[in-house]
Amino acid sequence: MIYFRLLIIIIVSQRIFELYIAKRNEKWIKQQGAVEFGQKHYKFMVLLHLSFFISLITENFLFERGISVFWPVLLSIFCVSQAIRIWAMTSLGKHWNTKILVLANERIVNKGPYRFLKHPNYLVVALEIFTVPMLFNCFYTAILFSLLNIVMLMIRIPMEEKALKTLTRYNEVFQNHHRFLPKFIK
């Protein structure tokens, strides 16, 4: 139970810090003239992530299943995904945000993990939503929120890509990249 609490504290603290960064970046990018897209679905995305933590904590408390026998693999996947998250955030710099904010004619970031795939941060979120519950045998949360996240990404990603295609040279830069499958050879 101590490992569960520790990991939840780490992840929640990380999310709070990310929201601080997102708010700071949002202020800056809007001052530059950015246009916001996806306002209608954003509140549902926030609700999904809050509900994920509530479900995870509740399932762990109710069933007390303990840590998975596959914990070394799951924890490794989680740690690597967090490194990719930080890499993606630092690669985007002031452009990183939890909202879809696009500056017209802005140069598209094609460095860091974005050299290999279009949406590394969404891949990280998908991995996290699955691996963290599985680490503690919270199967219901892992399955339910993985499915809900897929639905959310089916709305979010096309909307984000449409916004980027409309206001930037996104298609040109990412024409040979996949959304989630890394491209290692140019």
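Residues numbered from 1 in each chain as written. Predicted model: local features only at pLDDT ≥ 70, side-chain atom pairs only at ≥ 80, totals over all residues. Heavy atoms only, no water.

Asks: Quick rundown of the packing of helix 1 (residues 2-31) against helix 3 (residues 71-92)? Include the residues and the values.
Replies: One way to put it is that helix 1 packs onto helix 3 with a least axis distance of 13 Å and a crossing angle of 10 degrees. In terms of orientation, helix 1 and helix 3 fall into the roughly parallel class. The segment helix 1 lies against helix 3, with Leu 7, Ile 11, Gln 14, Arg 15, Glu 18 and Ile 21 engaging Phe 78, Gln 82, Arg 85 and Met 89. Among the residues forming the contact of helix 1 with helix 3, the class breakdown is five nonpolar, two polar and three charged. (Axes fitted to C-alpha atoms, helices over the stretch in contact; angles between N-to-C directions. Helix = DSSP H or I, 4+ residues; strand = E, 2+ residues; numbered from the N terminus. Parallel < 35°, antiparallel > 145°, perpendicular 65-115°, else oblique. Contact = heavy atoms within 4.5 Å. Nonpolar A, V, L, I, M, F, W, Y, C, P; charged D, E, K, R; others polar.)

Asks: Can you explain the side chain of Ser 91? Please cite residues and give values.
Replies: Its place among the elements puts Ser 91 in helix 3. The exposure class of Ser 91 is buried, given its relative accessible area of 9%. Those residues within four positions of Ser 91 in sequence are excluded, and the remaining contacts are Val 109, Lys 111, Gly 112, Pro 113 and Tyr 114. (Buried < 20%, exposed > 50% of the residue type's maximum accessible area, 1.4 Å probe, protein only.)

Asks: Before we move on, can you summarise the environment of Gln 175 with the specific residues and values?
Replies: Positionally, Gln 175 belongs in the segment after helix 6 (170-174). Distance in space between the C-alpha atoms of Gln 175 and Thr 131 is 30 Å, their sequence separation being 44 residues.

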